[in-house]
Amino acid sequence: MKNKPLAPVRYARAAMKWIAIVLLAGAGLARADSPQRVAPLPKYQQECAACHLAYPPGMLPAASWKRLMGSLSTHYGTDASLDEASVREISGWLQTHAGTYKRVSEEPPQDRITRSQWFVRKHNEVDPQIWKQAAVKSAANCAACHSAADKGSFRESEIQFPKGLDARFRRNGSD
């Protein structure tokens, strides 16, 4: 005679399988609204990171990247012109890896990441005065607080307030 597991054990095993399936499915859904990390294009790193963080391409939709790359001579008040081959290479890479997930479906005003709805929502508890602090300079300076921004990671657990940030702002650390 075969030993059969008791009914509660059988149900517990089945329940564990269903819990695992639900958790895995939920994890997939969570990722669907997050930018996927892609290996940075060396030319993009070289050209863009010379002046500011080489923002992950998933932070803006393709249309925004197209406008930005098409107006480099007046890039937010600076001439960031590149040779045609570099523009083609970087533009193609940005278009391929642009944000397509829910939170970047809308083009932000002036194609600024810091004015996108998701950015404003994620930083709604940050006192506007923080952006003006000498240690931060502006909302576009992600690396001031996000210690792994240069690697494309913006996890709350990696936030480190910069030295020189006024102590009264250190209490508002929620991202």
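Owing to the predicted nature of the structure, the values given are computational and were not obtained by experimental measurement. (Residues numbered from 1 in each chain as written. Predicted model: local features only at pLDDT ≥ 70, side-chain atom pairs only at ≥ 80, totals over all residues. Heavy atoms only, no water.)

1. Quick look at the packing of aromatic side chains
The cut-off we apply is this: Stacked, edge-to-face and tilted labels apply to pairs of Phe, Tyr and Trp rings (six-membered ring for Trp) whose centres lie within 6.5 Å, assigned for plane angles under 30 degrees, over 60, and everything in between, in that order. Burial classification: accessible surface area is computed with a 1.4 Å probe over protein chains only, and a residue below 20% of its type maximum counts as buried, one above 50% as exposed, and the rest as partly exposed. The secondary structure listing takes helices from DSSP runs of H or I that are at least 4 residues long and strands from runs of E that are at least 2 residues long, numbered from the N terminus.
Under the definition given, this model contains four aromatic pairs. The interplanar angle of 70° and the centroid separation of 6.1 Å between the aromatic rings of Trp 118 and Phe 119 together place this pair among those described as edge-to-face. Given the relative accessible area of 5%, Trp 118 is considered buried. Consider the rings of Phe 119 and Trp 131, whose centres lie 6.2 Å apart with planes at 35°: the pair is tilted. Note that Phe 119 is positioned in helix α5 (residues 117-122) and Trp 131 in the segment after α5, a separation of 12 residues in sequence. You can call Trp 131 partly exposed: its relative accessible area is 21%. Here the aromatic residues Tyr 44, Trp 65 and Trp 93 are joined through ring pairs into a cluster of three or more.

2. Observations regarding the pattern of salt bridges
Where we set the bar: Note on definitions: salt bridges are taken to be side-chain nitrogens of Lys or Arg within 4 Å of carboxyl oxygens of Asp or Glu.
Summed over all chains, the structure comprises six salt bridges. Across the pair Glu 107 and Arg 67 runs a salt bridge whose closest N-O atoms are separated by 2.5 Å. Placement of Glu 107 in the loop between α4 (84-97) and α5 and of Arg 67 in helix α3 (residues 62-70) is noted, with a sequence separation of 40 residues between them. A salt bridge links Lys 122 to Glu 156, with the shortest nitrogen-to-oxygen separation between them at 3.7 Å. Of the two residues, Lys 122 sits in helix α5 while Glu 156 sits in the segment after α5, which places them 34 residues apart along the sequence. Owing to a relative accessible area of 44%, Glu 156 belongs among the partly exposed residues under this scheme. Through salt bridges with shared partners, a single network forms among Arg 67, Glu 107 and Asp 111.

3. As for the confidence of the model for the chain
For the record, the criterion: pLDDT is a residue-level measure of predictor confidence that goes from 0 to 100. Throughout, a contact is declared for two residues whenever any of their heavy atoms are within 4.5 Å.
The pLDDT averaged across the chain works out to 81; a share of 74% of its residues lies at or above 70. Within the model, pLDDT remains below 50 along residues 20-34, and this stretch shows seven contacts once partners closer than five positions in the same chain are excluded.

4. Observations concerning the nonpolar core
In globular proteins that are soluble, nonpolar side chains generally tend to be buried together. What counts is decided by this rule: Only buried residues count toward a nonpolar core, which is a set of Ala, Val, Leu, Ile, Met, Phe, Trp, Tyr and Cys residues joined through side-chain atoms within 4.5 Å.
Core analysis: the biggest nonpolar cluster contains 25 residues, and Tyr 44, Tyr 55, Trp 65, Leu 94 and Ile 113 have the highest contact counts within it. Elements with a contribution of two residues or more to this core: α2 (42-48), α3, α4 and α5. With four residues, the single largest contributor to this core is α4. Residues within four places of Leu 94 in sequence aside, it is in contact with Tyr 44, Pro 57, Trp 65 and Met 69.

5. Description of the state of the cysteines
Selection criterion: Note that a disulfide, as used here, is simply two cysteine sulfur atoms within 2.5 Å.
Applying the stated criterion across every chain, the model contains zero disulfides. With no disulfide partner, Cys 48 has as its closest neighbouring cysteine sulfur the one in Cys 51, 8.4 Å distant. Look at Cys 48 and you get buried, because its relative accessible area is 16%. The thiol of Cys 145 is unpaired, and the distance to the nearest cysteine sulfur, on Cys 142, comes to 9.3 Å. Residue classification places Cys 145 among the buried positions, given a relative accessible area of 15%.

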